[in-house]
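Observations on the model geometry
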Amino acid sequence: MRELRIHGRGGQGSVTAAELIAVAAFKSQVFSQAFPAFGVERRGAPVQAFVRFSDSKIRLRSQVYEPDYVIIQDSTLIKDVPVFAGMKEGGIAIINSEKEIDFSVPKGVRLIVIDATKIALEILGIPITNTTLLGAFAAASGEIQLDALEEALGERFRGNLGVTNIRAAKTAYDLIKGAN
Amino acid sequence: MLQIMEGSHAVAEAVKLCRPDVIAAYPITPQTHIVERLADMVADGELDSEYICVESEFSALSACLGASAAGSRVYSATSSQGLLLMAEVCFNVAGMRQPVVMSIANRAVGAPLSIWNDQQDSISLRDAGWFQWYAEDAQEISDFHFLAYKVAEDNNVLLPGFICFDGFILSHTYEPVDIPDQESVSAFLPPYHPVIQLDATDPMTMGMYATPDYYMEFRYEIDKAMTQSAIALRKAGSEFKEHFGRDYGELIEEYRLSDADFAFVALGSVCGTIKDAVDEMRKDGKKVGLLKIRSYRPFPAEEIKKALSGIPLVAIIEKNLSIGSRMKGAVGLEVKDAINDSGVCVYSYIIGLGGRDIRKLHIRGVYEEAMKGNGDTFYGLREELL
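Below: a short report on this structure. These figures come from a predicted structure and were not determined experimentally.

**Side note on the overall build of chain A**
On a plain count of helices and strands, chain A comes out with 5 helices and 6 strands. Helices (α) and strands (β) of chain A occur, in sequence order from the N terminus, as β-α-β-β-β-β-β-α-α-α-α. Rg of the C-alpha trace for chain A: 15 Å, near the compact-globule value of 16 Å for 180 residues, within the 12% margin. Structurally, chain A occupies a C-alpha span of about 40 × 40 × 35 Å along its principal axes. Burial status across chain A gives 56% buried among its 180 residues. In chain A, 58% of the contacts between residues at least 6 apart in sequence involve partners at least 24 apart. Accessible surface computed for chain A: about 7,800 Å², of which carbon and sulfur atoms make up 50%. Treating the 21 positive side-chain charges of chain A as one cloud and the 20 negative ones as another, the clouds have centres 4 Å apart.

Next up, the structure:
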């Protein structure tokens, strides 16, 4: 079983991101489970959401303490929240930041910094980065297929909103794939 | 069809397939997503039900009681303080033998205010005359609704029931769930045909007062009906398997118990975490297993005694507190009574109250405490706060 923890602030769509990843994983023939850290849905407050992936039915119900993957939607969280806590060696941390930032990640963790805010502003016109980061996650982790993610986004966001969110995710996907 | 959706939406889909005539509910966290979705379904014409908006949970269940007495299949859902506000009506619904089905997204009870999960709310209504089933995952939640109407409306039962599932932990989690089609559900669950119903052309009264000459017999009959509900559930559970492939013929589920010398006992979603912990502990050579109780009311004492036979040490994982009782947990008292063997150690552990996360390492910790002979206690208290 692999586990993902998403760190964000209330209003940035971390819970929606977790749900979309779980839906995309399901469409990729993987057992998945997504849930939020409950009850802290205040705008701007630090929030967490979790996703599990497995080849068999998922029974575990606790929160995620030793993630394989971490997504950090807002780099200002790093100084306030132990975002890398418990990360497994060989894990991947994806951070939204406009510049290279000075901090250390745990040993053996691969760090991916992406300016998702810039991509979101260009394509969506608003600084909501969750769907962009999903594209980066798909590319970096391989847990979800891009077409499954696009399908999940298309079902969640109707009309032009779906088109632009898919484009934002794909832009980040291609960027990370290209960097590999 | 296997789909992925939020637990609350799986409830709403299941309720829709049961085709209730009347829905009355008042929103409360973490139940809200269920009734929001049902209200949408009614407004969008997907579900042909009367959705009654009310100003409180007391009114919600009162409306359900009246509609049920008039012969309708009815539905409600609530949590925590909402359920406690319904408490008086709960006793009336059971006393008038109305087969109301209600989903309980289990939540702690204030004060202090907590929106998070434990099972104090429904356990507190243990003696209200409603059957109480506890689901481990979204699949059980969904399936239990079909079974609940079938059992509640059985002429040998005619009692209301709670479908209990852990708030947030199940209600707000996305996971795969198989939602059957309408044709299959209708074949399993035919329309409700009440034996007695209110009729304006032939007036009668339900729930009138009973003098000391009559009252006790009503109570006796309710208890008898609850016992009958166990039989009806086994029958419906077997029939369900024929229709849908999933087996609910037993009121308990045994997990790796047959050769165990240590048993955990629990209700609800924590059973999943315990199963994973049991698998890990087995790898370390510990012969542990789990007894999951699906039905808390009726309480399957005989089955529990049989399933735990020969196991010398039993630990009940409790998300409730029976304040002032020796064992502290309401479930443990009855498990101990069911086993009724002074040679067996049965301990309750109060854990996870008010949403405190329960991890596999806590399950191992409970095992260690039980092996040391420490039981009937809280587990995981923050001593620095006391």
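**Re the interface of chain B and chain A**
Contacts between the two partners involve 27 residues from chain B, matched on the other side by 20 residues from chain A. Summed over both sides, the interface of chain B with chain A buries roughly 2,100 Å², with 57% coming from carbon and sulfur. Three residues stand out in chain B for area buried against chain A, namely B:Ile4, B:Tyr174 and B:Asp357, and they jointly supply 28% of the buried area on that side. The interface formed by chain B and chain A includes 4 salt bridges.

**Re the pattern of salt bridges**
Evaluation of the coordinates by the stated rule reveals 40 salt bridges over all chains. One salt bridge in this structure joins A:Lys57 and B:Asp137, with 2.5 Å as the shortest N-O distance. Of the two residues, A:Lys57 sits in the loop between β3 (46–54) and β4 (69–72) while B:Asp137 sits in the loop between β6 (131–134) and α7 (138–152), which places them in two different chains. We classify B:Asp137 as buried; its relative accessible area is 5%. Across the salt bridge formed by B:Arg234 and B:Glu303, the nearest N and O atoms sit 2.1 Å from each other. Of the two residues, B:Arg234 is situated in helix α9 (residues 215–244) and B:Glu303 in helix α11 (residues 301–307); the sequence distance between them amounts to 69 residues. For B:Arg234, a relative accessible area of 28% translates into the label partly exposed. B:Glu303 gets classed as buried once you look at its relative accessible area, which sits at 16%.

**A word on the sheet that holds strand β2 (residues 22–25) of chain B**
Residue and element names in this part refer to chain B. The strand order β3-β2-β4-β5-β7-β6-β12 describes an open sheet built from 7 strands, whose pairing is mixed. Looking at the sheet topology across the chains shown, the edges are occupied by β3 (50–53) and β12 (295–297). Each strand of the sheet is rotated relative to its neighbour by a mean of 20 degrees, with strand direction disregarded. Where α7 meets the sheet, it contacts β4 (74–78), β5 (101–106), β6 and β7 (161–166), and its direction lies at approximately 160 degrees from that of β6.

Rules and cut-offs
- Residues numbered from 1 in each chain as written.
- Chains lettered and ligands numbered in written order.
- Predicted model: local features only at pLDDT ≥ 70, side-chain atom pairs only at ≥ 80, totals over all residues.
- Heavy atoms only, no water.
- Helix = DSSP H or I, 4+ residues; strand = E, 2+ residues; numbered from the N terminus.
- Rg over C-alpha atoms; globule rule 2.2 N^0.38 Å.
- Buried < 20%, exposed > 50% of the residue type's maximum accessible area, 1.4 Å probe, protein only.
- Contact = heavy atoms within 4.5 Å.
- Areas by Shrake-Rupley, 256 points an atom, 1.4 Å probe, with all protein chains shown as cover.
- Lys, Arg positive; Asp, Glu negative; His and termini not counted.
- Charge placed at Lys NZ, Arg CZ, Asp CG, Glu CD.
- Buried area = accessible area lost by both parts, 1.4 Å probe.
- Salt bridge = Lys/Arg side-chain N within 4 Å of Asp/Glu carboxyl O.
- Pairing = 2+ DSSP bridges.
- Axes fitted to C-alpha atoms, helices over the stretch in contact; angles between N-to-C directions.

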